[in-house]
Amino acid sequence: MDKQKEGMENDYIDESLLTIIKEIEGGLESVEQHAPVYTPNFEWFENMVAEKKKQLRKKLIFDVSIFSIVALLVLSTVLFTLYNIPTIFFALQGLAVIFLIGYFSLRLIKQVKET
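Residues numbered from 1 in each chain as written. Predicted model: local features only at pLDDT ≥ 70, side-chain atom pairs only at ≥ 80, totals over all residues. Heavy atoms only, no water.

Student: Pulling in residues and values, what's your account of the overall build of the protein?
Tutor: Helix and strand counts for the protein stand at three helices and zero strands. The N-to-C order of helical and strand elements in the protein reads α-α-α. The proportion of buried residues among the 115 residues of the protein is 2%. (Helix = DSSP H or I, 4+ residues; strand = E, 2+ residues; numbered from the N terminus. Buried < 20%, exposed > 50% of the residue type's maximum accessible area, 1.4 Å probe, protein only.)

Spelled out as structure tokens, the structure:
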């Protein structure tokens, strides 16, 4: 008796699922009819890629030039300090080492606390 009941319930569920699936398919078909699919042509994609390449190249040139200018300023300052005022140069080197040791030890402590 229970098997017959389960079979009838399964048939009802199957029929209701089929009905729902058919309704969904019908709704999707009506959406497809009302909203046409438009794929841009190949030239549009080529133009977008070319434009993006130009933008990236401009950004690269700008970044490299800024990096070069800053590097030259830093190197000239370091060399000037080294040759003209060596005590300040060595003091700055010591401060940089102390800063790096402190920074990395704080990062290590934070990483250990998180795990």
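Further notes follow.
Student: Account for the packing of helix 2 (residues 42-84) against helix 3 (residues 86-114), with residues named and values stated.
Tutor: Contact geometry of helix 2 with helix 3 gives a least axis separation of 5 Å together with a crossing angle of 125 degrees. When the axes of helix 2 and helix 3 are compared, the pair comes out oblique. Here V78, T81, L82 and N84 of helix 2 come into contact with helix 3, specifically with P86, I88 and F89. (Axes fitted to C-alpha atoms, helices over the stretch in contact; angles between N-to-C directions. Parallel < 35°, antiparallel > 145°, perpendicular 65-115°, else oblique. Contact = heavy atoms within 4.5 Å.)

Student: Break down the packing of aromatic side chains for me, citing the residues and quoting the values.
Tutor: In the structure shown here, the tally under the stated rule is four aromatic pairs. Between W44 and F45 the ring centres are 5.0 Å apart and the planes differ by 75 degrees, which places this aromatic pair in the edge-to-face class. Assessed through its relative accessible area of 42%, W44 is described here as partly exposed. With centroids separated by 5.2 Å and ring planes inclined at 70 degrees, the aromatic side chains of Y103 and F104 adopt a geometry described as edge-to-face. For F104, a relative accessible area of 46% translates into the label partly exposed. Aromatic rings pair up to connect F99, Y103 and F104 into one cluster. (Phe/Tyr/Trp six-rings, centres within 6.5 Å; stacked < 30°, edge-to-face > 60°.)

Student: Go over the pattern of salt bridges with me, naming the residues and quoting the values.
Tutor: All chains considered together, the criterion is met by one salt bridge. Where K59 meets D63, a salt bridge forms, and the shortest distance between an N and an O atom there is 3.1 Å. Highlighted residues: K59 and D63, both in helix 2, separated by four residues, approximately one helical turn. (Salt bridge = Lys/Arg side-chain N within 4 Å of Asp/Glu carboxyl O.)

Student: Account for the side chain of T81, with residues named and values stated.
Tutor: Position of T81 among the secondary structure elements: in helix 2. Overall, the relative accessible area of 10% leaves T81 in the buried class. For T81, the side chain forms a polar contact with the main-chain oxygen of T77, separated by 2.7 Å. Setting aside residues up to four positions removed in sequence, T81 forms contacts with P86, I88 and F89. (Polar contact = N/O pair within 3.5 Å; in protein donor to acceptor, adjacent residues only side chain to side chain.)

Student: An account of a nonpolar patch on the surface is needed here, citing residue identities and associated values.
Tutor: On the surface, a nonpolar cluster with roughly 560 Å² of combined accessible area is contributed by L17, L18, I20, I21, I24 and L28. Of note, L18 is situated in helix 1 (residues 2-34). On the basis of relative accessible area, L18 is assigned to the exposed category, the value being 51%. (Patch = residues over 30% accessible without salt bridge, like charges linked within 9 Å, V, L, I, M, F, W, Y side chains within 5 Å. Areas by Shrake-Rupley, 256 points an atom, 1.4 Å probe, with all protein chains shown as cover.)

Functional significance is not addressed by these values, which are geometric in nature.
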